[in-house]
Amino acid sequence: MDVKKEEGATRRSFLKKGAAVGTVAAAGTFAAPAVIGQAPLVVKMQTSWPASDIWMDFARQYTERVEAMSGGRLKVDLLPAGAVVAAFQVIDACNDGIIDAAHSVPVYWYGKSKAASLFGTGPVFGGSATTMLSWFYAGGGQEFYRELTQDILGMNVIGYLGFPMFAQPFGWFKEEVNTVADVDGLKYRTVGLAADLLQSMGMSVAQLPGGEIVPAMERGVIDAFEFNNPSSDKRFGAQDVAKNYYLSSYHQASESFEFIFNRDFFEDLEPDLQAILKHGVEAASTANTASAMDNYSADLKSLQEEEGVTVHRTSKDILDAQISAWDALIPELEKDAFMKKVLDSQRAWVERVTYYELMNSPDYGLAYDHYFPGKLKL
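Being a predicted model, the structure only gives us computed values, none of them experimental.

Asker: Looking at this structure, how should I read the packing of aromatic side chains?
Answerer: Aromatic ring pairs: the centre-centre distance and the angle between the two ring planes describe each pair. This model, assessed by the stated rule, comprises 30 aromatic pairs. Ring centres of F144 and F338 lie 6.2 Å apart, and the angle between their planes is 80 degrees; this geometry places the pair in the edge-to-face category. Taken together, the positions of F144 in helix α5 (residues 141-152) and F338 in helix α13 (residues 337-360) put the pair 194 residues apart, joining distant regions of the chain. We classify F144 as buried; its relative accessible area is 13%. Aromatic pair F170 and F173: ring centres 5.1 Å apart, planes at 40 degrees, arrangement tilted. Comparing F170 with F173 shows no difference in burial state: the two are buried. What links up through ring pairs into an aromatic cluster is the set W49, W55, F58, F88, Y108, F163, F166, F227, F236, F257 and Y296.

And the structure:
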């Protein structure tokens, strides 16, 4: 007997029996809700983040909202990376039913298909993370995601994206890097298509989960790295191994969190609980954005004023080289029919939507410099 499948069948039977009991209770007593007397259904959810990372706080904002909206019918057992499986293995664990859900990013299963990167860390045609998250929900991206995960890869999962992340910094360097020649030959940590991109610029790339980055820097396995944001970087101890922090980059400029569910588990839930898990992503997305704005900016200030970190803006020379590197990489990606289809969709979306965004946006930098003169060094 396949114990894993038997456990899954038992769990699904429990869900269905619970639904039946609720129906009988509702029919017999109009005044009392059907959930009275039922134990909450525990959703085992693992993240790809260390327990100390701010992204565990962001994941908790999701679980708190799910539990509140379900009126106690759902209880989420939120676990850090490594609690059940390694950080990069959560989608496999969801597929196999070892866990019910995961909080991660698509690029972490890039090893299954490079197309995973197109749902968060693909080419930057000019759209922001908000632009690309909108593409996922309104521009056809969600159906492409379903096609990739379920039809092409045959995975038993359902997924949603949430929290449009701010563009990721170029990262942490021991010395200043002002030109492409300065980064040539550096051993650098990144993930996904960014690895292909920066390797083409002469860097030697290692793909590591967040919790392994600083130890790798200390051992000399890597010379420089990026993860995502000032708060995570500060909690990792990035400031203890490097003092030059470069903001602004095109290597990962439009990522969002990925909320993955085992498909059998999800589809066996009552429709209202499915809706709570799905739309809870949208609620957490707003909460995550507010928390990120608060914490990222405060921690950047702390890194500068208390930790002796010099914050730079990545040079135009390096940014131009990144765009040129994308130009060379895109035709290679488009040799894959599915990736060509997705990239065509994204280009069309960005061309239309970002035209409106850019034409309509006032120059916020101009206003900021007016009220806070001398602070910006763009």
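And the narrative resumes.
Asker: I would appreciate a short explanation of the sheet that holds strand β5 (residues 171-173) in the present structure.
Answerer: If you walk across this open sheet you meet the 6 strands as β7-β6-β8-β5-β9-β11, and the pairing is mixed. If you trace the sheet from one side to the other, it starts and ends with β7 (204-206) and β11 (310-313), each paired once. Two strands pair when backbone bridges link them, and strand β9 (residues 244-247) and β11 are joined in this way by 4 bridges, in the parallel orientation. Looking across to β11, one finds that N244 is bridged to T310. With respect to the sheet, helix α11 (residues 271-306) is in contact with β5, β9 and β11, its orientation differing from that of β9 by roughly 150 degrees.

Asker: Explanation requested: the sheet that holds strand β4 (residues 157-164) in the structure shown.
Answerer: Two orientations exist for strands paired in a sheet by backbone hydrogen bonds: parallel and antiparallel. Spatially, the 5 strands line up as an open sheet ordered β2-β1-β3-β10-β4, and their pairing is mixed. Each edge of the open sheet carries a strand with a single partner, namely β2 (74-79) and β4. Strand-to-strand twist in this sheet, taken as the mean axis angle between neighbours without regard to direction, amounts to 25 degrees. The sheet contact formed by strand β1 (residues 41-47) and β2 spans 6 bridges and is parallel. Looking across to β2, one finds that M45 is bridged to L78. Across the sheet, α11 lies against β2, β4 and β10 (256-262), angled at about 30 degrees from β4, the strand it touches most.

Asker: Got a minute to help me understand the packing of helix α4 (residues 129-138) against α5 in this structure?
Answerer: Between two packed helices, both the angle of their axes relative to each other and the distance between the axes serve to describe the pair. Orientation of α4 relative to α5, taken along the N-to-C sense of each, is 75 degrees, at an axis distance of 4 Å. Compared by their axis directions, α4 and α5 come out roughly perpendicular. Each of W135, F136 and Y137 in α4 lies in contact with α5, whose residues at this interface are G141, Q142, F144 and Y145. For the contact of α4 with α5, a count of residues per class yields 5 nonpolar, 2 polar and no charged.

Asker: When you look at helix α12 (residues 316-333) in this model, what are you seeing that I'm missing?
Answerer: An α-helical segment advances 3.6 residues per turn. Residues three or four places apart therefore align on the same side. Spanning 18 residues, α12 covers 25 Å between terminal C-alpha atoms, matching the ideal 26 Å at 1.5 Å per step. Restricting attention to buried positions, one finds in α12 the residues I318, L319, A321, Q322, A325, W326, L329, I330 and L333.

Asker: Please explain the nonpolar core as it appears in this structure.
Answerer: Burial of nonpolar side chains together is a common tendency in soluble globular proteins. Residues W55, Y62, F119, F170, F173, F257 and L277 are the most contacted members of the largest nonpolar core, which totals 107 residues. Here this core gets 9 residues from one element, more than from any other, and that element is α11. Dropping the residues within four chain positions of it, L277 is found in contact with Y62, V66, L74, F261, F265, F266 and L269.

Asker: What am I meant to see in the pairing of β1 here?
Answerer: Along any regular strand the residues' side chains alternate between the sheet's two faces. Across the 7 residues of β1, 5 count as buried, placing the element largely inside the fold. Inspection of the sheet shows β1 paired to strand β3 (residues 101-104) by 3 bridges, in the parallel sense. When the bridges of β3 are listed, Q46 appears paired with A102.

Asker: What should I look at first to understand the packing of α5 against α13 in this one?
Answerer: Contact geometry for α5 and α13: axes closest at 11 Å, N-to-C directions at 165 degrees. When the interaxial angle is binned, α5 and α13 end up roughly antiparallel. The element α5 and its partner α13 pack so that their crossing is left-handed. Across from F144, E147, L148 and I152 in α5, the residues of α13 making contact are F338, K341, V342 and S345. When the residues that make up the contact of α5 with α13 are grouped by side-chain class, the tally is 5 nonpolar, 1 polar and 2 charged.

What counts and how
- Residues numbered from 1 in each chain as written.
- Predicted model: local features only at pLDDT ≥ 70, side-chain atom pairs only at ≥ 80, totals over all residues.
- Heavy atoms only, no water.
- Phe/Tyr/Trp six-rings, centres within 6.5 Å; stacked < 30°, edge-to-face > 60°.
- Helix = DSSP H or I, 4+ residues; strand = E, 2+ residues; numbered from the N terminus.
- Buried < 20%, exposed > 50% of the residue type's maximum accessible area, 1.4 Å probe, protein only.
- Pairing = 2+ DSSP bridges.
- Contact = heavy atoms within 4.5 Å.
- Axes fitted to C-alpha atoms, helices over the stretch in contact; angles between N-to-C directions.
- Parallel < 35°, antiparallel > 145°, perpendicular 65-115°, else oblique.
- Nonpolar A, V, L, I, M, F, W, Y, C, P; charged D, E, K, R; others polar.
- Expected span 1.5 Å × (residues − 1).
- Core = buried A, V, L, I, M, F, W, Y, C linked by side-chain atoms within 4.5 Å.
- Left-handed = near helix turned anticlockwise from the far one by under 90°.

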